[in-house]
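Analysis of the macromolecular model
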Amino acid sequence: MKVSYNWLKETVDIPVDPDALAKALTMVGLQLESKQPYEEDTTLDIEVTVNRPDCLSVYGLAREIALIFGSPPPAIKGLHQTQVIPFRTNDGRYSGGGKDLRILIEDADLCPRFCGQIVTGIKVGPSPSWMQKKLEACGLRSISNVVDITNYVMLELGQPMHAYDFDTLAGGTIRVRKARNEKLLMIDGKERPLSDSMLAIADAERVIGVGGVMGGMETEVTESTTNVLLEAAYFQPASVRRTAKTLELSTDASYRFERGADYKMQANACLRAAVLLEQCAGGTVHPVVDVCPGKFVPAEIRLRQPRIARILGQTIDPHLADNILTALGFIKKAENLWQVPSFRVDIFREIDLIEEIARHFGYNNIPSTLPKAEKRYQADHSTFQLERAVNQFLRGAGLEEAYTFSFVNESTEEAIRIINPLSEIAPALRTSLLPGLQESVAYNLRHRNEDVRLFEIGRVFLPETEKIALGIAMLVEHRDLKGIMESMLSALLYGEPTIRDGSIFVEGKNIGRMIQTHSESQPLQLCEIYLSDLIQLPQRRLTYNPLIPYPFVERDVSFLISSDVRFSQLEDVFNRMDVPALRAWKLVDRYQGKNIPSGKVSLSLRFTFQATDRTLTSEEVDRMFDTIVRALSENFAIELR
């Protein structure tokens, strides 16, 4: 915001030059962007944050300056003494001086307060040079005395105003209502369509302005105007912001309205403009019609001294804290209870009050100390170790990890829609990792990378709950992906999986699915496993035996056996035998063909014997070996070779 140094000095006592003033304002959060001389004045361009619309005026900045330098608080001066007629309904009327005015608010949600004031018998012309210089020092050009006065009051008090040629208003009526898909030729010479979501200012016949943004050309003040209607209203910030954005039209008025105006400043703005009109344009001032169907309830916030000390790390003198808040316009209603002034639309909580105290106490006066805290370690989430193990296994198997977006364009009924999506093309949360991986595979194929093996571990959002899932996408045969999945589960000590109708079951529980599809005409294998479900299943328990220091003995046996006997039947017999020193057995040869009778097959098995407490003697091994051969003979009628 550009502001004149001399104008500020007329409003509040400033004992320093512009440079020192700029530095002092910067220290309380109102940073100086630039400083330029303007004739005998100095223009200060101050960066006002979006949450401080109260500082978008000379009066608002003067309030901060008075507190900084201990000057008397500024007061609004030069208000006309005419009557303010309050209407606590949505319909206000006035008749006087041969003029009839009616103000009707049809949408009190978007415009809870509207003040209008007629000034008759004025003469439109140039504004005085002192006013022109102040406006130009603040970056506004002079247009006419009436328009300049509305801009002057806006800069001085922060309340945007508008002036209508009263004689052009049909029926002397102002109606504040929603637009009805009308068009309006605005004072910038452009005609714009108005949608029914916008707030319009209308007379008895047509729309004459857009609330909080800009007025219409048909009712603007011209050189022939003699009677004007001053408008000062409160418009809901969100409505003005939407309208200005839709119309692609930002004005000084909309800039202030969309950040939040002072709910109690409208009548004062009219009275201030009335005084200036009398001085600069003559005329007769009529009472202010103040239509306000609602009731403003100021917020009250409890402020605790211990809380101040805890937040700032330093005890603040309670009297100093009270003085700071009082000078900023807060009212102490009771011990530790403060009422927020109507112009501070950014104060909602106790922490906001503490920030105000800290700003004017001086952040540079607060010593820098590290917060006292105990070292605490947050426990890993339940699937952390499992995710890590899966990641290591799949990387070792040659797969590469991918990360895809959680926000997707999913239109299924199960998809969870986001109320305020970051993008219109991704309005939902993903219910599966596989679509994102499929897109990644397709992207690689379009760039001629055909050896694609991707996996992703991430959160999916199902209607009933959120889950941690593992997704795999590979351009391989089905058996390759199945082998990796089985090996992974085995390495993680889970039971052997079974696949039925594309679903993966472990220990009888469905933990995921496998899908075979195509991408760019190539076979694509997909697998998704819910790690949140998998971790609920029991794992095998590993046991370890000490190394046996005694030597082992191997014996081979070859025999003929019916070709109908399966190897698993042999294993069953070995497992049932009571031979404690039998450590292992394996098939070393299988032959079927020449010199072997039809229906028979020759097998050679190797048995390993080893005792844990001694070296086996040859006789002990012979006895155990005979036991095995006898069992084979009894169960399968073998013929030794």
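The next thing to look at is a nonpolar patch on the surface. A cluster of nonpolar residues, L185, I187 and M217, forms a patch on the protein surface that exposes about 200 Å² of accessible area. One can find I187 in the loop between β10 (183-185) and β11 (191-193).

Where helix α12 (residues 384-396) meets helix α14 (residues 478-491), the closest approach of the two axes is 10 Å, and the angle between their N-to-C directions is 135 degrees. Here α14 runs oblique to α12, going by the angle between their axes. Crossing geometry of α12 relative to α14 is assigned as right-handed. Of α14, the residues touching α12 (which contributes V390, F393 and L394) are I484, S487, M488 and A491.

Any space left empty among the atoms is revealed by the rolling of a water-sized probe across them. Applying the stated criterion across every chain, the model contains two cavities of 30 Å³ or more. Taken as a whole, the largest cavity spans an internal volume of roughly 170 Å³. If you trace the largest cavity, you find 16 residues lining it, with P53, D54, L157, G158 and D262 closest to the centre. In terms of residue count, the dominant contributor to the lining of the largest cavity is helix α3 (residues 58-69) (three residues). Of the residues in the lining of the largest cavity, the class split is seven nonpolar, five polar and four charged. Computed from the structure, the second largest cavity encloses a volume of approximately 30 Å³. Considering the residues around the second largest cavity, the lining is formed by K2, S34, Q36, T43 and D45. Elements with a minimum of two residues in the lining of the second largest cavity: β2 (31-38) and β3 (41-47). For the lining of the second largest cavity, the per-class residue count stands at no nonpolar, three polar and two charged.

How each quantity is defined
- As a convention, each chain's residues are numbered from 1 in the sequence order in which they are written.
- It should be noted that, the model being predicted, local features are given only for residues of pLDDT at least 70 and side-chain atom pairs only at 80 or more, the latter also being counted only at that level, while totals for whole chains, interfaces and linings use all residues.
- As a rule here, side-chain values come from all non-hydrogen atoms in the structure, and water together with hydrogens is ignored.
- To count toward a patch, a residue needs a relative accessible area above 30% and no salt bridge. Like charges then connect within 9 Å, nonpolar side chains (Val, Leu, Ile, Met, Phe, Trp, Tyr) within 5 Å.
- Areas reported here follow the Shrake-Rupley algorithm with a probe of radius 1.4 Å; residue values treat only the protein chains shown as occluding.
- The salt bridge definition used is simple: a Lys or Arg side-chain nitrogen within 4 Å of an Asp or Glu carboxyl oxygen.
- Every helix listed is a DSSP run of H or I at least four residues long, and every strand listed is a run of E at least two residues long, numbered separately from the N terminus.
- Helix axes are fitted only over the stretch in contact, all axes being lines through C-alpha atoms; the angle between N-to-C directions runs from 0 to 180 degrees.
- The cut-offs work like this: below 35 degrees is roughly parallel, past 145 is roughly antiparallel, 65 to 115 is roughly perpendicular, and the gaps in between are oblique.
- The hand of a helix crossing depends on one turn: near helix anticlockwise from the far one by less than a right angle means left-handed, and clockwise means right-handed.
- Contacts: residue pairs with any heavy atoms within 4.5 Å of one another.
- The distinction between a cavity and a pocket rests on a 1 Å grid over the protein atoms alone: a 1.4 Å probe fits inside a cavity but cannot get out, while a pocket stays open yet meets protein on both sides within 12 Å along at least five of seven lines, and a residue with an atom within 4 Å of a point counts as lining.
- Grid points are joined across faces, edges and corners, and a volume is the space filled by probe spheres set on the points.
- Only Asp, Glu, Lys and Arg are considered charged in this grouping, and only Ala, Val, Leu, Ile, Met, Phe, Trp, Tyr, Cys and Pro are considered nonpolar; every other residue, Gly among them, is considered polar.

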